[in-house]
Amino acid sequence: MADIDVDGMVDDSKGRTVVVAEDEALIRLDIVESLRGAGYDVVGEAASGQEAVDLVKELVPDVVVMDVKMPGKDGITAAKEIAEENLAPVVMLTAFSQQNLVEKAADAGAMAYVVKPFVPEKLFPALEVAISRFDQMNALRDEVSDMKARFEARKRVDRAKGLLMENMGLTESEAFRWIQKTSMDRRLTMQEVADAVIEQVQG
C-alpha cells in the first residue's frame, strides 16, 4: 500500500448549492443564514415537502436540507421521491422525539441526518458526508448496473475504505477517492481494487 497518493485533497465545500426545506420560517431563516455565512449558496427555500421536490427538480442542487415534519407531503416522502430520481443527496432534520423516524429516513434514501435544535457545527459536516456518499453511490451505480452486484460491490468498497482509513489514516472521502482513482489509472473496477486492498491488508 506504499504507493497510495493522497496529495491534492482539497476542501471543496464552498459554493455548493443547497435547497432548504423547513416549514418553520424562523428556523429556515437561521439555517439559510448559517449556510450562507459558511460559504454555501442557498438557491431555494421550501415550506412544504411538495415545494421541496419541485424546487429540487428545477434547480438540481448539490444537497438538500429537509425537515422530517412538514405540511402536506412530509419530509420522508419528499426525500424518497428525490432519492428515487437520483436528483440530490438529502440531509434530514429530526427532533429528539422523532428518533424513531431516522431509520425510515435512511430507508427513504436520506444520506445523513441532524438532530434539532439546529447547530451549524453539526449540520455542515453532515452536508459534506451526504454529498460524498451520494457521489460514491453514483460512481458505483455507473460501474455496476445489476442491483445485487451493486450491493455486493458497495460492501466490498466499504470494507476496503475502512481498511485504508485504519491503516493509512485517510478520511472516508479520501479513501473512496483513492479507490476510484486507482480503478481508473489501472483500468480495473472499483470492486477489483477493493478486493486487492482487502487481500493485501488482511493477507
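Residues numbered from 1 in each chain as written. Predicted model: local features only at pLDDT ≥ 70, side-chain atom pairs only at ≥ 80, totals over all residues. Heavy atoms only, no water.

Quick look at the pairing of strand β1 (residues 17-21)
- Burial analysis of β1 places five of its five residues in the buried class, which makes it a mostly covered element.
- Burial along β1 is two-sided: Thr17, Val19 and Ala21 facing one way and Val18 and Val20 facing the other are all buried.
- Pairing of β1 with strand β2 (residues 41-46) involves five bridges; the strand directions are parallel. Note that in β2 the partner of valine 20 across the bridge is glutamate 45.
- Remark: the β1/helix α1 (residues 25-37)/β2 crossover connection has right-handed handedness.
- Looking at chain direction, β1 and strand β3 (residues 63-67) are connected through four bridges and run parallel. Along β3, the bridge assignment pairs alanine 21 with methionine 66. (Buried < 20%, exposed > 50% of the residue type's maximum accessible area, 1.4 Å probe, protein only. Helix = DSSP H or I, 4+ residues; strand = E, 2+ residues; numbered from the N terminus. Pairing = 2+ DSSP bridges. Right-handed = clockwise from strand over helix to strand, strands pointing away.)

Focus on the nonpolar core
- Counting residues in each nonpolar core, the largest one holds 23 residues, and the members touching the most others are Val56, Val64, Met66, Ile76, Ile82, Val90 and Met92.
- Setting aside chain neighbours within four positions, we find methionine 66 in contact with Ala21, Ala52, Gly75, Ala78, Ala79, Ile82, Val90, Val91, Met92 and Leu93.
- Val32, Ala126, Leu127 and Ile131 belong to the second largest nonpolar core, which has 22 residues in total. (Core = buried A, V, L, I, M, F, W, Y, C linked by side-chain atoms within 4.5 Å. Contact = heavy atoms within 4.5 Å.)

Things to note about the environment of isoleucine 31
- Relative to the elements of secondary structure, isoleucine 31 occurs in helix α1.
- The exposure class of isoleucine 31 is buried, given its relative accessible area of 0%.
- On a C-alpha basis, the gap between isoleucine 31 and proline 120 in space is 7.8 Å, while along the polypeptide they are 89 residues apart.
- Non-local contacts of isoleucine 31, meaning those with residues more than four positions away in its chain, are made with Val20, Leu93, Phe118 and Leu123.

Observations regarding the environment of aspartate 23
- Secondary-structure assignment places aspartate 23 in the loop between β1 and α1.
- Sequence separation between aspartate 23 and glutamate 33 is 10 residues; the distance between their C-alpha atoms is 16 Å.

Things to note about the UniProt feature "modified residue: 4-aspartylphosphate" (unreviewed entry) in the protein chain
- UniProt feature "modified residue: 4-aspartylphosphate" (unreviewed entry): in the numbering of this structure it lies at Asp67.
- Checked against the element boundaries, aspartate 67 lands in strand β3.
- Excluding anything up to four places from it in sequence, aspartate 67 contacts Ala21, Glu22, Asp23, Gly75, Met92, Leu93 and Lys116. (UniProt positions renumbered as here; feature names shortened; annotations may be inferred.)

Some thoughts on the domain arrangement of the protein chain
- For the protein chain, the assigned domains read domain 1 (17-118) and domain 2 (144-202).
- The C-alpha centroid of domain 2 is placed 30 Å from the C-alpha centroid of domain 1. (Domains from an automatic or database assignment.)

So, the sheet that holds β1
- Ordered in space as β2-β1-β3-β4-β5, the five strands form an open sheet in which the pairing is parallel. The open sheet has two edge strands, β2 and β5 (112-115), and neither has a second partner. Mean inter-strand twist for the sheet, computed between neighbouring axes without regard to direction, equals 20 degrees.
- Strand direction decides the pairing type here: strand β4 (residues 90-94) and β5, joined by four bridges, are parallel. Bridge pairing links methionine 92 to tyrosine 113 in β5.
- Relative to the sheet, helix α2 (residues 49-59) contacts β1, β2 and β3, its axis offset from that of β2 by approximately 145 degrees. (Axes fitted to C-alpha atoms, helices over the stretch in contact; angles between N-to-C directions.)

A short note on α2
- Listed as buried for α2 are Gly49, Ala52, Val53, Leu55 and Val56. All buried residues of α2 project into a common sector of 165 degrees when viewed along the axis, lining one side.
- Looking at the packing, one finds that the buried side of α2 touches β1, β2, β3 and α3 (75-84).
- Two residues or fewer after α2 comes valine 60, characterised by a positive phi angle close to 45 degrees. (Arc of directions from axis to C-beta.)

What about the pairing of β4?
- The buried fraction of β4 is high, at five of five residues.
- Because side chains alternate across β4, one face comprises the buried residues Val90, Met92 and Thr94, and the other comprises Val91 and Leu93, equally buried.
- Note that β3 and β4 share four bridges and pair parallel. When the sheet's bridge partners are listed, aspartate 67 is paired in β4 with leucine 93.
- For the segment spanning β3, α3 and β4, crossover handedness is right-handed.

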